[in-house]
Amino acid sequence: MSEGGLPDRIRTALALLREFYDAPHRGALARARQEEEDLFLLMVLSEMMGIPNPAAYHTLELLPLVWEEFHDWHRRMGMERSPLDHIRCC
Amino acid sequence: MNALFLVALGLGGFTLGYLFYSKFISERIFQLDPSFRTPAHTLEDGVDFVPTNRWVLWGHHFTSVAGAAPIVGPAIAVIWGWLPAFLWVVFGTVFFAGIHDAGALWASARNQGKSIGALTEAVVGKRARALFMIVIFLLLLMVNAVFAIVIANLFVGYPSSVIPAWFVIAVALVIGWLLYRRGVPLFWPSVVALVLLYASMWVGDAVPLALPEGGFFGLGAPATWVMLLFAYAAVASLLPVWVLLQPRDYINGLQLFVGLGIFFLAVLLASPAVVAPPVNPNLPADVPSFIPLLFVTIACGAISGFHGLVSSGTTSKQLDNEKDVRFVGFLGAAGEGALALAAIIACTAGFASLADWEGFYASFASGGLPAFVQGGGSIVSQGLGLPQHFGETLLAVMAVLFAATTMDTGVRLQRYIIQEWGSIYGIGVLRGRYLATGIAVVACLALAFGAGGGAGTGGLLIWPLFGTTNQLLAGLTLLVLSVFLMKLGRRSRFTLVPFLFLMTMATWALLVQLRQFWERGQYFLAVLDLVILVAAVFVVLESVGALRRAHAERGGPGGQGRRGATG
């Protein structure tokens, strides 16, 4: 057994245990997270799509941060093309 | 005869099956190729498709497929004597379940990780896919109803299991919160959870919690438990996965390994004698012939269609190397077989005398889990020097946890199916999670009470019907595999023979039971039997058509199928 082999093995065993915990539900959790993110994007973009948003002043600041995800989001929402005239991602 | 002999024979059979038969199937029939890039690599997305260490994958696969069913089935079936149940479990695991589970895994991995339902459509046709969905829905309906009744009976029969069974929910909630919200590493919460679980068994043993004899709301105690369990399952299935389902599955997985270890250690130390006869010469009057009923009474533990869903639904998407199909698929089936073997030993060697055993197995529906708990508890107490009632609490909690985790998942899956139907047929209200859950729960309750009357205790009456539906699903998977193999130009008899055997036994069992239900005036069960029989007939018709088409294709000009053999 190499020097420090035991801690390595323990570390591997703990990583495998964690994998045993995570893996079966990874997909369900990722989908739930995505649903939350989709709702969040809808809130951020709502004013632009004609839905009054009392927090628009604050969510406007978030626009640059969600820019990258916009294209994937509108595709996931079933809109083949960008729903906003001034954002021509595709 | 000593139970150790049975353990050695059973585990030896699984080992030989793994060493020789699974090697033959993997090399000659599936032709597993280590250089094949599995969907976990080609479609890797960090979510569903993730290459996973084979030990971890086997751990998931085994804990996902193992539940209360491989305990309940053998616990009922030993009424015919230990030999038929033992032989069916050993041969079924090696020659039926192994090739079925590994085959579903392999076929799915060779088809971009598609589920067996999607493969049914691709390989057999659209009608078969629709049939598949119906059979799955029936299966979930029955599994939820049966397991609710099984747990309710255990709570009534063993009130010492009530506190630990509910306490584990609190433990799971805390673990979920610690890991997800606090980012605590997993090791110590796991150790503490197991210690607390076993400590709670001591508390439960000291403070048994029984409902009043008459239960609540005018229902008896078992019926009250059934209502409470479905209320719990509805809430649990609506909660986010990380809150309860994930930590609960995890604790249950650990408990499965620890529990099996404790049990086999106790058998080794106690080396009890098998008091039940190999073949029971004094069968109670209501027990049907073991052919065909044995083969549907023991589904999980010998072969179960549910495994194909797990193999192709999640396991195949995480397969690191195609060679792992043999390790994960065949050893997953062997793990389930070992659980069934434990149940057979508990129910045949855990009694003081033959008269005791016969007293317990006085009618077809009277054995089951109570026999497992009583017999297993006795073996654990002899082997490990624990009090008998503590041993019983331990086994009762083990069975309750298995059944309850399956119920949580079962109700959730049923909700998904109802929501999917809402989407397919454009019925907007069905897409709502609350209404879909409500419909799922009401359907299960209707079955639980419809089968057993107002007491809601008819669970064991529908057990063989549940097994039959499970076998129909396994039959469909074996059919898909056979057609797939035929199209590749490989020998399909290793899946075709189990398929034919299962379909014959399942259809025969349905006819035998239909007659019984009708004669006894159990019309609700007769109608249910008829619905499953219709599904079985359609499966047979679909099969004949698919096999003829595949045969014609293979024999066609140029041997089209053979060219795909490398695919």
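Look up a bit, the structure's there.
Computed from a prediction, not measured in an experiment: that's the story for all the values here. (Residues numbered from 1 in each chain as written. Chains lettered and ligands numbered in written order. Predicted model: local features only at pLDDT ≥ 70, side-chain atom pairs only at ≥ 80, totals over all residues. Heavy atoms only, no water.)

Colleague: What exactly am I supposed to notice about the packing of aromatic side chains here?
Modeller: Any two aromatic rings considered together are summarised by their centre-to-centre distance and by the angle between their planes. All names here are of chain B. This model, assessed by the stated rule, comprises 34 aromatic pairs over all chains. Seen from their ring centres, Phe 147 and Trp 463 are 6.4 Å apart, and the 20 degrees between their planes marks the pair as stacked. Taken as a pair, Phe 147 in helix α7 (residues 126-157) and Trp 463 in helix α19 (residues 463-487) lie far apart in primary sequence, 316 residues in all. Judged by relative accessible area, Trp 463 falls into the buried class, the value being 2%. (Phe/Tyr/Trp six-rings, centres within 6.5 Å; stacked < 30°, edge-to-face > 60°. Helix = DSSP H or I, 4+ residues; strand = E, 2+ residues; numbered from the N terminus. Buried < 20%, exposed > 50% of the residue type's maximum accessible area, 1.4 Å probe, protein only.)

Colleague: How should I be thinking about the nonpolar core in this particular structure?
Modeller: General note: in soluble globular proteins, nonpolar side chains tend to be found buried as a group. Core analysis: the biggest nonpolar cluster contains 212 residues, and Trp106(B) and Phe372(B) have the highest contact counts within it. With 23 residues, α7(B) is the single largest residue contributor to this core. Not counting residues within four places of it along the chain, the set of residues in contact with Phe372(B) comprises Ile71(B), Ala75(B), Ala343(B), Ala346(B), Cys347(B), Gly377(B) and Leu395(B). If you look at the next biggest cluster of nonpolar residues, it comprises nine residues, including Val44(A), Leu63(A), Val66(A) and Ile87(A). (Core = buried A, V, L, I, M, F, W, Y, C linked by side-chain atoms within 4.5 Å. Contact = heavy atoms within 4.5 Å.)

Colleague: Honestly, the interface of chain B and chain A in this entry has me stumped. Any pointers?
Modeller: Think of interface size as the accessible area that goes away when the parts come together; that is how it is often given. Across the contact, 29 residues belong to chain B and 18 residues belong to chain A. The junction of chain B with chain A conceals about 1900 Å² of combined surface from both sides, 69% of it contributed by carbon and sulfur atoms. Counting every contact that joins chain B to chain A gives one salt bridge. Of the charged contacts, one joins Arg31(A) and Asp48(B) as a salt bridge, the two residues approaching to 3.3 Å between their closest N and O atoms. At the junction of chain B and chain A, the tally comes to three residue pairs in polar contact (both at pLDDT 80 or more). Of all the secondary structure elements, the ones that give two or more residues to the side of chain B that touches chain A are α3 (54-65), α8 (162-180), α9 (187-206) and α11 (245-270) of chain B. Of all the elements, α11(B) adds the most residues to the side of chain B that touches chain A, at eight residues. Taken together, the residues of the side of chain B that touches chain A sort by class into 16 nonpolar, eleven polar and two charged. (Buried area = accessible area lost by both parts, 1.4 Å probe. Salt bridge = Lys/Arg side-chain N within 4 Å of Asp/Glu carboxyl O. Polar contact = N/O pair within 3.5 Å; in protein donor to acceptor, adjacent residues only side chain to side chain. Nonpolar A, V, L, I, M, F, W, Y, C, P; charged D, E, K, R; others polar.)

Keep in mind these values describe shape, not function.
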